[in-house]
Each structure stands twice: as structure tokens, then as C-alpha cells.
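Letter by letter, the chains look like this.
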Amino acid sequence: MALYKDVNVSIDVLKPSGAVTSTNVLLVVEKTGGFAYKEYSGDEALAAVELDFAATTEAFKMAAALLRQDNRPEKIAVVGYDDTSGSAAAVVEANFNQDWYYVVLESAATADQIAVVQELDERDNKVAILRSNAVADAEALHAADIERYYVLYTPETDEYIDAAFVGEFAADPAGSASAKFKQLDGITTVELSLADYNALEAVNASSYVTKFGEPQTTSSKLGGGEFLDVVVGNDWMIATLEQRVQSLYIKNRKISYEQSGANMIGAEVESVMKLGVENDIIAEDAEGNALYSVVIPDVQAMTEADRASRKLRGVKFNYRLAGAIEEVDIKGQVSF
């Protein structure tokens, strides 16, 4: 996330979405004396984590659950706090501008989780992946009126289902995968009663069950009600737009307040729309035509005050979400 913004982008789809810089994963752990933000990458990432956290620690177990997934991300980061003098929310706030998008907590305490998600909601540009070991805890999260979190319920208190999920999900291009139907290595499936299933669905919580012999996650919604892939995709679109236009400023000695300058910015917007199509964020019609539009303002129609402000107004875009099919109604007829 940039500290200084020269490019302001907004997407108005049900609610505004914020800018982000990556889809990397941050693990927030408890450690005596704290632990400074550190990144681990490559095939030896888990071995490197073990140099800082013994295999018996919860921090190592979280990293192991994440990195054992088939679709594991290339890079993770770890930051720690001393629970006698700090908090998960405090270290998230202190490290907010580091290179991460998803955050996973060692703590399953709802108070810690709520405080972190409140921080994310205020910034409106990153997402927490959480676990609840009781249905009532998932209900408490929903009752807190927080939005930017995806929570999975499991009664297995010694399994990091949240870390396993993000290990399977985070490496996919932003917006290109649904959170539902994901299979997690090393995670025990849950035997849900109908009452618990309905209770979890009512608060937009997921779990991990077996259907027709296949283990899978049960939901793709964030606590706030929006779908995880939609939020991630829109966040990525905003971040990429900001970065592309910012790059124009760096590469050019000056972008003149002329039609050619406006067209340069419009071309970057167009290029990001095309990337959104490739990532299955933006829909196509039956003929394969992308369903988006970009409007570049007529500079000659700008007022003198507009030109004096050096701020180009009126660059607009809209697109139709590709979305995802997660339920099907099939009707048939059988006759002799």
C-alpha cells in the first residue's frame, strides 16, 4: 500500500473496495520478546522458518500447514508479538505497508480476531483468513459487524485450517478462483449437524466437509457477505491501476495536460481491463467479447481550473464481474 497517493481509483460494486499491493500471506504469531517481520520464500521456506521457530512451536505448525499444500504460495512472511505487552492488531497495524495481502493469526480468540479485522476494515484493502473452533465463535465474529474476513469452522483445535486454506488459495491469480470446493492437505473433515451447517451458513462461515467422498470447503463468502474472489479481484484491479498509472509518471519526464496525455492514462486503464479478463475477474459474452468499457475525457472540454489543478478528472471504467457458478438447479423428465 502506497503511503503517498497520486492516483485515486475506486470501484463501486455494492460497496467500495480498497487498493492493495500483493496477495502474499502474513502469519501473525505469539513469541516471547516479539519477532520482527521476516519473509521466507522458495523450496526451503519451511526449513528457514524452523531456524527461527522450533518444530514444536505453533508458529512452525502454522507455516507447515500452509506450505504443505499443493498450490502453496512462493513466499510467506511471519511477524510476532509478545502477548504480555503487545497484540495481534498492533503488529498488523505496525506492518501494514509490508508486502502481504492475507493475514492468518495464531490466536483463535475472537477478541484478537475482531481487533485485527477492524484494522483491515478501516484500511479497506486486505483480508484476514480465520478459524473458529466453535460455531458460537463464528457467530460472535458476525455479530461484531466486521467484514474483511473469511472464517473456517473446525472443532480440531490443533489444526490450522486457516493456514492450510490460504496455502491452497493464495497462489492463484487474484480473482481467478472460488473459495468453495477447495481440498486441504492434512486437515480433518468435520461432521456437521444440520443445525450447525445452517448456523454457519447464516453467518457466512465456511467449514470442511466430505461430499460424495470428496473433502471440500463449504463456502466462498467473507463475513461481510461479499464473495472472497470478488473482493480479491477488485482489490487487485485497483492496485494494478494505481501501479500502472504511477509508472507512467516515473517513465515520462512529464505527462502534458493535453489529449495525448489523457490517452496515455486511458491506455493503461484499458490494459488493466484486459488483464482482468485474463484473470476471470471481468466477464465475456457468448462471442468472447469482454464486458467492460473505458471513458477518456475530452481535455478540450476541461475548465481552466481543472487544468490549473493538474488533476485529470473524468477517466472512468466499468465492467461486469465474471463471478462463479457454485450452485446448480437441474430439472429433468423421465419417461418410458
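Attention here is on the structure that accompanies the text. (Residues numbered from 1 in each chain as written. Predicted model: local features only at pLDDT ≥ 70, side-chain atom pairs only at ≥ 80, totals over all residues. Heavy atoms only, no water.)

## Details of the pairing of strand β7 (residues 127-132)
For β7, a buried count of six out of six residues is recorded, marking the element as mostly surrounded by other parts of the structure. Burial of the side chains of β7 extends over both faces: Val127, Ile129 and Arg131 are buried on one face and Ala128, Leu130 and Ser132 on the other. Across three bridges, strand β6 (residues 102-105) lies against β7 in parallel orientation. Following the sheet pairing, Tyr102 is matched in β7 by Val127. Assessed by its sense of winding, the connection that carries the chain from β6 through helix α4 (residues 110-123) to β7 is right-handed. Inspection of the sheet shows β7 paired to strand β8 (residues 149-153) by five bridges, in the parallel sense. (Buried < 20%, exposed > 50% of the residue type's maximum accessible area, 1.4 Å probe, protein only. Helix = DSSP H or I, 4+ residues; strand = E, 2+ residues; numbered from the N terminus. Pairing = 2+ DSSP bridges. Right-handed = clockwise from strand over helix to strand, strands pointing away.)

## A word on the pairing of β8
With respect to burial, β8 is a largely interior element, five of its five residues being buried. Across the two faces of β8 the burial is the same, with Tyr149, Val151 and Tyr153 and Tyr150 and Leu152 all buried. In terms of handedness, the path from β7 via helix α5 (residues 135-143) over to β8 forms a crossover that is right-handed.

## Observations concerning the nonpolar core
Among the nonpolar cores identified, the biggest contains 43 residues, and Leu27, Tyr102 and Leu228 are the most heavily contacted of them. With eight residues, the single largest contributor to this core is helix α2 (residues 58-67). Residues contacting Leu27, with those up to four places away along its chain left out, are Met62, Ala63, Leu66, Ile76, Ala77, Val78, Val79 and Val104. (Core = buried A, V, L, I, M, F, W, Y, C linked by side-chain atoms within 4.5 Å. Contact = heavy atoms within 4.5 Å.)

## A short note on the pattern of salt bridges
Applying the stated criterion to the full structure yields 11 salt bridges. Notably, a salt bridge pairs Asp52 with Lys38, separated by 2.9 Å at the nearest N-O pair. Note that Asp52 is positioned in helix α1 (residues 45-52) and Lys38 in strand β4 (residues 35-41), a separation of 14 residues in sequence. Here Arg68 makes a salt bridge to Asp185, at a shortest N to O gap of 3.3 Å. (Salt bridge = Lys/Arg side-chain N within 4 Å of Asp/Glu carboxyl O.)

## Comments concerning α4
Taking 1.5 Å per residue as the helical rise, α4 with its 14 residues ought to reach 20 Å, and the 20 Å between its terminal C-alpha atoms agrees with that figure. Looking only at α4, the buried set comprises Gln113, Ile114, Val116, Val117, Glu119 and Leu120. Buried positions along α4 lie against α3 (88-94), β6, β7, α5 and β8. (Expected span 1.5 Å × (residues − 1).)

## Here we look at the packing of aromatic side chains
Here the structure, examined in full by the defined rule, presents seven aromatic pairs. Seen from their ring centres, Phe96 and Trp100 are 5.6 Å apart, and the 70 degrees between their planes marks the pair as edge-to-face. One aromatic cluster is present, built from ring pairs that chain together Tyr101, Tyr102, Tyr150, Phe165 and Phe169. Arg123 extends its terminal NZ or CZ atom over the ring of Phe96, reaching a point 4.2 Å from the ring centre. For Lys126, the ring lying beneath its charged end belongs to Phe96, and the centroid distance is 4.7 Å. (Phe/Tyr/Trp six-rings, centres within 6.5 Å; stacked < 30°, edge-to-face > 60°. Lys NZ or Arg CZ within 6 Å of the ring centre and 35° of its normal.)

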